[in-house]
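Results of the structural survey
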Amino acid sequence: MFPPTDWKTLEFHMQTLMQDLAASLLMDFESWVLRAESAGTILKTPLDSQASLSSEEVIKAKKRRLGRAQKTIGDYCLLAGSPVDANAHYSTAIELARLTGDQFWHAGAIEGSVCALVIDRMGQKDQMLEEEVKYRYYEVIQLYRRVSTISFELEATLKLARFLCRREIAKEVVELLMSAADGAKALIDASDRLVLNVEIARLFGALGYERKAAFFSRQVAQLYLQQDNCWAAISALQVLAMTSKSYRVQSKAAMNRSRHSSDEVQSACSDGVRSQTQSIAALFESQWSTLQMVVLKEILLSAVRAGDPLAAWSAAARLLRLHYPLITPAGQSGLSNALTASAERLPCGTRCADPALPFARLYSIPSLPSQMEIVKRIPGKEDWWAGSAPSGPFIYTPFGKGDTSDDKKQEIIWIVGEPVQVLVELANPCTFELSVESIYLSVNSENFEAFPTSVTLLPNTSQVISLSGIPTSVGPLTVEGCIVHCFGVITEHLFRDVDDLLLGAGQGLVLVDPFRSSGFPKLRNVPNPNISVVPSLPLLIPHVVGGDGSTVLYEGEIRDIQISLANAGAVPVVEANISLSGKQQENVISIGHEMLQSALPLQPGASVVIPVRLQAGQLNLELENVGNRNGPGNVGRIFKEGNSPSLVIHYAGTLAQVGDSIQNDSCSYPPGRRLTVPLQVRVLQGLCLVQARLLSMEIPAEISRTLPAPSAAGQYIMDRGTTTENIADSLVKIDPYRGSWGLRLLELEFRNPTEVMFEITVCIQGNKREDENTETVKDGQTVDCLYPTTRIDRDYGARVLIPLEHFKLPVLDKSFFGMETKGKEGFVVKISSNAEKQTKAELNAAIKDLTSRIKVKWQSGRNSFGEMNIKDAVQEALQTSVMDVLLPDPLTFGFRLGRNHSSNGITDTSQEANLNAPIIETESYSDFRGKGQPKGSILAHELTPLEILVRNNTKEAIRMILSITCRDVAGENCFDGSKATVLWAGVLSGIEVEVPPLGEAIHPFAVCFLVPGEYTLLGAAVIHQANEILRARARTDSAQEPIFCSGPPFRVHVIGTL
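Residues numbered from 1 in each chain as written. Predicted model: local features only at pLDDT ≥ 70, side-chain atom pairs only at ≥ 80, totals over all residues. Heavy atoms only, no water.

Broken down by element type, the protein carries 25 helices and 50 strands. A buried classification covers 43% of the 1058 residues belonging to the protein. Across the protein, the fraction of contacts at a sequence separation of at least 24, relative to all contacts at a separation of at least 6, is 77%. Summed over all atoms, the accessible surface of the protein reaches about 56400 Å², with 53% contributed by carbon and sulfur. (Helix = DSSP H or I, 4+ residues; strand = E, 2+ residues; numbered from the N terminus. Buried < 20%, exposed > 50% of the residue type's maximum accessible area, 1.4 Å probe, protein only. Contact = heavy atoms within 4.5 Å. Areas by Shrake-Rupley, 256 points an atom, 1.4 Å probe, with all protein chains shown as cover.)

Written as structure tokens, this is what we have:
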């Protein structure tokens, strides 16, 4: 039958066989029709009358026989595949049916001719063909309508609509379909209505009219639901599933199957925010909330009848999630019960693509805490931590530089093996309590292990929960949503779905806004950041030894704290650096850098203790007033975060190596870490310095055998290019047998408002001495205690007097004063050379240095000690009399028991002379001293030799007139007058003396006291031709005015003879 030949010949052979078969069939059909007997040629239809025919009707039937036969032959020709022959027979049948008035067969013949015409064109359509088909089919519809054959009329209408189904002429097609839909009401059989609605829905879908197609599909589903059997319910469920896309209630599983190609998705994503907003608007465009609810209810009912629990659960979940605002509380509870009942029929662990409740959105991905911050390391840079510390007092500042582009997401770094957390906000907008059995993070990769947790949400509430997990391997990672086990089924809640839903709610496109109904009306748009996972890093955990709370210090207190750093990571710490940041950095005195460096490399599990010394600052007045309102015991302040100093520790582990070389790629370069340890300090009010003032007093000196040596205060510049070093740094003590001058005392008044006891010690801090008799040596400097420890109890005060004689300079130099001379024309010209300016600057520096040497240290208990800040108060107290305190008097007067001498006269001595050599006592004097005479006393009625010593403290010679006065306890002069009680030998007034520079002059005399008692010797001098130094020191500008100088009183105790 099939010859063995090539494919083309075989194809021609098959075509010939089919043509022969069609020709033989056509001839057989035609011969069968033509040879039929007359009794069998009367073709009838159900529309023909079944009663006995009258003679006229028989004649009509005979006339119609030929037309119907031609129509039947045309049908056979179409069946045989010959449209040309069929068209000829149909044309004959049309003419005969028109002449005989056979309208039903007339319409059938026209339909056959149209079919033959279309088949003859082999599927080619043009405008003329469409017009011809429309014209003929409109005639067919009219013919069927005349004979009241609604089924044939609707079928012809659907055939025409099917032929014309194109969007260009959609209006005409819609009119045909709607007329067919109106005619469906006249159909009695439900199956006919079902088929009609199916065809109408299909044609509307072909035109792109999804809503009309969905409407008629719902009609089909309703017809199926009217049948009470499982198969009809399954059919209804399938039909409704197809229509769910048009009503925007499609399940996510179906949406994933009909998702666009990846190229279209990428092109849509590249359009930016505007295209995204437009797509979201199109997604929620013209929502029919009520109609959607009806559709979902029908899907739920169909799924229940069909016995499909997963489809029922999905429909109930979509209905509850998308339309809860329109559902009554009873309806919400009913849907909850439906979800639970459907889940009971499902296997344990069943997953569904459609989420139910709760609503979940990304709240935030917290950055690593200050103990775990990541710092990028630059390859080849040793101090990689430089510039990475946070600027300003805050760890995070919103004014830092940032990328303002919208398409760039935040970048977050996670570390392998270290737990992380993500804050997720859950909302339950329904009226029943929602119990979530488990919820955990959903990521786009397998390098993350999530930890599930459970939560219960009250009705109409929202809650922010923390979901955690551990990255397991290196690579990029994105948190897409949450995996929720609720209502017995596991679902995935994507964050982007909720964001789109809330955006549609913000634009008024949908009614669903669960977070607004739960009490959070603010629209949060948190972008999902890009997360990258890096290899394991070291992790230092800080701990303050003794407690992690605030360190409570009193004002000025010095406290040593210890910070323990433990490596809790899996990588050793190989490099570290400590620095300070924040405010109040001056309160940190020292940090144990060497302790940390000596502990490197710090292996995992090891720890190191770093000592830090803190000193509390002073409370200002505003803070004190705030504290006083809280009670006297609560006065203080806390250095909060941003105000307290912080230790910033940058550390890193080993470098990742590839072969023998280190990678220089910054992306693969292992980062370092920054540890911020706030030094929380609570400062309480301690001792209060009430006031500091300068006092002056005259204490008579006891006359003795020797005079005290002159004192100095250190090294000072005495002349240009030369220095004089004074060795005596000791303090001036009030020793009645050493002698004393006019004293200037600094009084410091303290008050203790606290509830503890303080012990204070006043010290003078000086340069380190070379001798071994120094009382206290601290930090390379000597510390001399002025007084024993003074105790100040609570609510008590104390005053401390500090003598200032040790502050005086050893020499009065003219360079310490502004020199003024007169020019030729009488104008005053002030000479101030660079050397003089330098000397004045050094004097000011000496003032600050000397005043800063006064230290008031306190101690409370065993471990609490500190230092009062009195420098500013001392400078303020001394600012008006600082010259009097620092500069010595031009002349110094002193009295002592005289040596054996032969004549009265003045003895001049140089600075190098041994003026304080021991005096050889006479035998009588020594014997008398041995009999119990008090030290420094003089016997009455005996002539006692005395000496007055005048010391010149300037670098120029001074000529003066010296005088000596003696007064009794009543202040009367004992040398002159009628009631003189003292006899003298020598010159006591009008003594002209010239004292060499930095030298001394001694004038001997003798006195005899007639009456025992207390007497006072005074020395005074008048300088007539004073130089610039003396005038400046006396604060006078007149060169003619004499300058009067007097010395301190010396007390003489006279006892009677035995």
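Read on for the rest.
On the surface, M18, L21 and L25 cluster together into a nonpolar patch covering about 270 Å² of accessible area. Tracing the sequence through the fold places M18 in helix α1 (residues 7-34). (Patch = residues over 30% accessible without salt bridge, like charges linked within 9 Å, V, L, I, M, F, W, Y side chains within 5 Å. Salt bridge = Lys/Arg side-chain N within 4 Å of Asp/Glu carboxyl O.)

The 5 strands lie next to each other as β1-β12-β11-β6-β8, forming an open sheet whose pairing is mixed. Of all strands in the sheet, those bounded by a partner on one side alone are β1 (351-352) and β8 (453-457). Direction of pairing for strand β11 (residues 479-486) relative to strand β12 (residues 489-494): antiparallel, over a ladder of 6 bridges. Residue pairing in the sheet places G481 in a bridge with L494 of β12. (Pairing = 2+ DSSP bridges.)

Within the element layout of this structure, I541 appears in strand β14 (residues 540-544). Measuring from C-alpha to C-alpha, the distance between I541 and S607 comes to 9.1 Å, with 66 residues separating the pair along the chain. If near-sequence neighbours (up to four positions away) are discounted, I541 is found in contact with S564, L565, A566 and A568.

Here the focus is the pattern of salt bridges. In total, this model carries 31 salt bridges according to the counting rule given. Residue E131 pairs with K134 through a salt bridge whose shortest N-O separation is 3.5 Å. Of this pair, E131 and K134 both sit in helix α5 (residues 127-146), 3 residues apart, which is roughly one turn of the helix. On the accessibility criterion, E131 (39% relative accessible area) is partly exposed. The residue E557 makes a salt bridge to R559 at a minimum N-O spacing of 2.8 Å.

A few words on the packing of helix α14 (residues 289-306) against helix α15 (residues 309-323). Closest axis-to-axis distance for the α14/α15 pair is 8 Å, and the angle between their directions is 160 degrees. Relative to α15, α14 is oriented roughly antiparallel. Where α14 crosses over α15, the handedness of that crossing is left-handed. Of the residues in α15, those in contact with S289, Q292, M293, L296, K297, I299, L300, A303 and V304 of α14 are A311, A312, A315, A316, R318, L319 and H323. The residue inventory of the contact of α14 with α15, partitioned by class, reads 11 nonpolar, 3 polar and 2 charged. (Axes fitted to C-alpha atoms, helices over the stretch in contact; angles between N-to-C directions. Parallel < 35°, antiparallel > 145°, perpendicular 65-115°, else oblique. Left-handed = near helix turned anticlockwise from the far one by under 90°. Nonpolar A, V, L, I, M, F, W, Y, C, P; charged D, E, K, R; others polar.)

Our next topic: the packing of aromatic side chains. For any pair of aromatic rings, the description rests on two quantities: the centre-to-centre distance and the angle between the ring planes. For the structure on display, the rule yields 15 aromatic pairs. Aromatic rings pair up to connect F204, Y209, F215 and F216 into one cluster. Above the plane of the ring of F515 lies R361, whose end atom (NZ or CZ) is 3.9 Å from the centre. (Phe/Tyr/Trp six-rings, centres within 6.5 Å; stacked < 30°, edge-to-face > 60°. Lys NZ or Arg CZ within 6 Å of the ring centre and 35° of its normal.)

Across the interface, helix α3 (residues 83-100) lies against helix α4 (residues 103-120) with an axial gap of 8 Å and an inter-helix angle of 155 degrees. Classified by the angle their axes make, α3 and α4 are roughly antiparallel. Remark: the crossing between α3 and α4 carries left-handed chirality. Listed contacts from α4 to P83, V84, A86, N87, Y90, A93, I94, A97 and R98 of α3 are W105, H106, A109, I110, G112, S113, A116, I119 and D120.

Turning next to the nonpolar core. Residues W313, W414, V424 and F487 are the most contacted members of the largest nonpolar core, which totals 76 residues. Of the residues forming this core, the biggest block, 8 residues, is contributed by α15. Not counting residues up to four positions away in its chain, the partners in contact with V424 are A360, R361, Y363, L441, Q463, V464, I465, L467, C482 and F495. Core analysis: the next-biggest nonpolar cluster, separate from the first, contains 41 residues, L177, A180, A184 and L207 among them. (Core = buried A, V, L, I, M, F, W, Y, C linked by side-chain atoms within 4.5 Å.)

The next subject is the pairing of strand β50 (residues 1050-1055). When strand β27 (residues 701-702) meets β50, the two strands line up parallel, connected through 2 bridges. Residue pairing across strands places E702 opposite R1051, the latter belonging to β50. Direction of pairing for strand β42 (residues 937-939) relative to β50: parallel, over a ladder of 3 bridges. Paired with S937 across the two strands is H1053, which belongs to β50. Pairing of strand β48 (residues 1013-1023) with β50, which is carried by 5 bridges, proceeds in the antiparallel orientation. Counted as the bridge partner of G1013 is V1054 from β50.

Going from L357 to P358, the amide bond is cis rather than trans, its omega being 0 degrees. Summarising the element assignment, P358 is placed in the loop between β1 and β2 (359-364). Cis rather than trans, the peptide bond between L600 and P601 has omega equal to -5 degrees. On the secondary structure map, P601 appears in the loop between α19 (593-598) and β19 (607-615). Even without being a glycine, D795 presents a positive backbone phi close to 65 degrees.

Relative to the helices and strands, S864 resides in strand β39 (residues 864-867). A distance of 2.8 Å separates a polar atom in the side chain of S864 from a polar atom in the side chain of E557. Here S864 is in contact with Y554, E557, W858 and Q859, once residues within four sequence places are set aside. (Polar contact = N/O pair within 3.5 Å; in protein donor to acceptor, adjacent residues only side chain to side chain.)

This part covers the pairing of strand β49 (residues 1043-1046). Judged by which residues are buried, β49 turns out to be one-sided: I1043 and C1045 face inward and are buried, whereas F1044 and S1046, on the alternate face, are not. Strand direction decides the pairing type here: β48 and β49, joined by 4 bridges, are antiparallel. Bridge pairing links A1021 to C1045 in β49.

Tracing the backbone shows K212 in helix α9 (residues 210-225). The class for K212 is partly exposed, based on a relative accessible area of 34%. Separated by 34 residues in the primary sequence, K212 and S246 have C-alpha atoms spaced 9.2 Å apart.

So, on to helix α7 (residues 170-183). If you check α7, its first and last C-alpha atoms are 20 Å apart, about what 14 residues at 1.5 Å a residue would give, namely 20 Å. Residues A170, V173, V174, L176, L177, A180, A181 and G183 constitute the buried set of α7. Buried residues in α7 make contact with α5, α6 (150-163), α8 (190-207) and α9. (Expected span 1.5 Å × (residues − 1).)

So, on to α14. Relative to the 26 Å expected for 18 residues at 1.5 Å per residue, α14 spans 25 Å between its end C-alpha atoms, a close match to the ideal helical length. Buried residues belonging to α14 abut α9, α10 (230-243), α15 and α16 (329-344). Phi turns positive one or two residues past the end of α14, at G307, with a value near 75 degrees.

Next up on the list: the confidence of the model for the protein. Any region with low pLDDT has predicted coordinates that should not be read closely. For the protein, the mean per-residue pLDDT works out to 75, and 72% of the residues sit at or above 70. Mean pLDDT across the secondary structure elements of the protein bottoms out at strand β28 (residues 715-719), with 34, and peaks at β8, with 94. Low pLDDT, under 50, characterises residues 657-667; the stretch is placed with 10 contacts to residues that sit more than four places away or in other chains. In the predicted structure, residues 818-832 sits below a pLDDT of 50 and forms 18 contacts with residues beyond four places in sequence or in another chain. (pLDDT = per-residue confidence, 0-100.)

In this section: the sheet that holds strand β9 (residues 461-471). In spatial order, the strands read β2-β5-β9-β7; together these 4 strands make up an open sheet with antiparallel pairing. A single partner strand is all that each edge strand has here, and the edge strands are β2 and β7 (448-450). Geometrically, the sheet is characterised by an average inter-axis angle of 35 degrees between neighbouring strands, direction not taken into account. Sheet topology note: the β2/strand β5 (residues 420-428) ladder contains 5 bridges and is antiparallel. By the bridge assignment for β5, S364 is matched with L423. Running at roughly 95 degrees to β2, helix α17 (residues 495-506) makes contact with β2 and β5 of the sheet.

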